[in-house]
Amino acid sequence: MVHQQRSQAHLSPSSDTEDIVPLLAPRLAYFAGVARTEHVTRAAQEMDVPQSTLSRAMVRLEQDLGVDLFARIGRTVSLTPAGRTFLVSVERALAEIERAADEVRADADPATGKVAFGFLHTMGSETVPGLIRAFRADHPRVRFSLVQTYGEAMIERLRAGELDLCLTSPVPDAPDLVARRLDEQKLRLVVPADHPLAGRKRVRLAEAADEVFVTLEPGYGLRRITDDLCQEAGFKPRIAFEGEEAETLRGLVAAGLGVALLPPPAFPRPGVSELTVTAPRAVREIGVAWLDGHPDTPPVAAFKKFLLSRRGSLLP
């Protein structure tokens, strides 16, 4: 069936969607209400708007589309074929908007809302589970979306709005971020169990200058710290393997493929010896970061306050 075209149309059928959407969007709920009741007066009462406002909105909507959506008999209306076609998509769009509104309201709920929280791989086995368990003692129904990745990727996701907070190292220093130092973690020189240094408890990092290192890939905070510490000790590390996860590196060390600077493991790993580094001071700072000026929902604000309260006692 051919749809009747209105002579007063403001937009041609070839008009860009980006032009027409702002014109149509404010009137879609009005259209759905009139279509549902098939009566302008009744729809105006149900939506608590003046009848004249509703009538003008429907006329303008038809003008903007260039199509008759209603057949009118007094104040009673019925949908034209074009109107029925339009209503299907309008109801779908309004339902999606309602779903999105419900979702964001639920995420912001103080008791049951959601926190998008990023953290380093090395924080995942003990530190983060312990933090969340302690936080949920007072906030038992707050939900978490957890992202476990490396430092640069976390900062990118923070800037993209995909994360509310992140636990990272080194502590970032950028004008668009707010970062707070929470704790520091000692790094150890990890060597194979049959290595000449394995019987030692302490070592100067310069004593490993001739060793082959296994490290995390560039872009990881621990890789940058390793490079900086080796430079401070007077050498550039010879790197044989680059990985994405600290425990994999520990396994490579156990296999005799090199040495590594790593934080303490969650559980002792056979096949390696872990030595305290006496010089230079081998630590990594752990901090929490968030986007400057980004408003916090109540659950995010509560978790941020909790993390800041753990300054100096973050790590198990």
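Here, every reference points to the structure presented above.
So, here is what we can say about the structure in this document. In this text the structure is predicted, and so the values were computed from the model without any measurement.

**Topic: the overall build of the chain**
Item 1. When helices and strands are tallied, the chain shows 10 helices and 13 strands.
Item 2. Against the globule reference of 20 Å for 316 residues, the chain gives a C-alpha radius of gyration of 31 Å, more extended than a compact globule.
Item 3. For the chain, restricting intrachain contacts to residue pairs at least 6 apart in sequence, the fraction spanning at least 24 positions comes to 75%.
Item 4. On the chain, roughly 16,900 Å² of surface is accessible, and the fraction owed to carbon and sulfur atoms is 51%.
Item 5. A distance of 4 Å separates the average location of the 39 positive side-chain charges in the chain from that of its 42 negative side-chain charges.

**With respect to the nonpolar core**
Item 1. In this structure, F117, M123, L165, L167, F303 and L307 are the most contacted members of the largest nonpolar core, which totals 34 residues.
Item 2. Every element with two or more residues in this core is listed here: β3 (114-119), α6 (127-135), α7 (151-159), β5 (165-168), β6 (177-186), β13 (283-291) and α10 (298-309).
Item 3. It is β13 that provides the largest number of residues to this core, a total of five residues.
Item 4. Setting aside anything within four residues of it in sequence, one finds M123 in contact with V128, P129, L167, Q185, R284, I286 and L315.
Item 5. Grouped together as the second largest cluster of nonpolar side chains are 30 residues, L197, L229, L249 and V277 included.

**Considerations on the sheet that holds strand β4 (residues 143-148)**
Item 1. If you trace the five strands from one edge of the open sheet to the other, you get β4-β3-β5-β13-β6, paired in mixed fashion. Two strands bound the open sheet, and with one partner strand each, they are β4 and β6. Here the strands of the sheet are splayed against their neighbours by 20° on average, with no regard to which way each runs.
Item 2. In the sheet, β3 pairs with β5 via three bridges, with the strands oriented parallel. Considered in β5, the bridge of F119 is made with L167.

**A look at unusual backbone geometry**
Item 1. With omega at -5°, the peptide bond leading from S169 into P170 counts as cis.
Item 2. Mapped onto the elements, P170 comes out in the loop between β5 and β6.
Item 3. A cis amide bond links A279 to the next residue, P280, at an omega of -10°.
Item 4. As for its position among the elements, P280 is in the loop between β12 (272-279) and β13.
Item 5. One non-glycine residue, D48, lies in positive phi territory at about 60°.

Cut-offs used in this document
Residues numbered from 1 in each chain as written. Predicted model: local features only at pLDDT ≥ 70, side-chain atom pairs only at ≥ 80, totals over all residues. Heavy atoms only, no water. Helix = DSSP H or I, 4+ residues; strand = E, 2+ residues; numbered from the N terminus. Rg over C-alpha atoms; globule rule 2.2 N^0.38 Å. Contact = heavy atoms within 4.5 Å. Areas by Shrake-Rupley, 256 points an atom, 1.4 Å probe, with all protein chains shown as cover. Lys, Arg positive; Asp, Glu negative; His and termini not counted. Charge placed at Lys NZ, Arg CZ, Asp CG, Glu CD. Core = buried A, V, L, I, M, F, W, Y, C linked by side-chain atoms within 4.5 Å. Buried < 20%, exposed > 50% of the residue type's maximum accessible area, 1.4 Å probe, protein only. Pairing = 2+ DSSP bridges. Axes fitted to C-alpha atoms, helices over the stretch in contact; angles between N-to-C directions.

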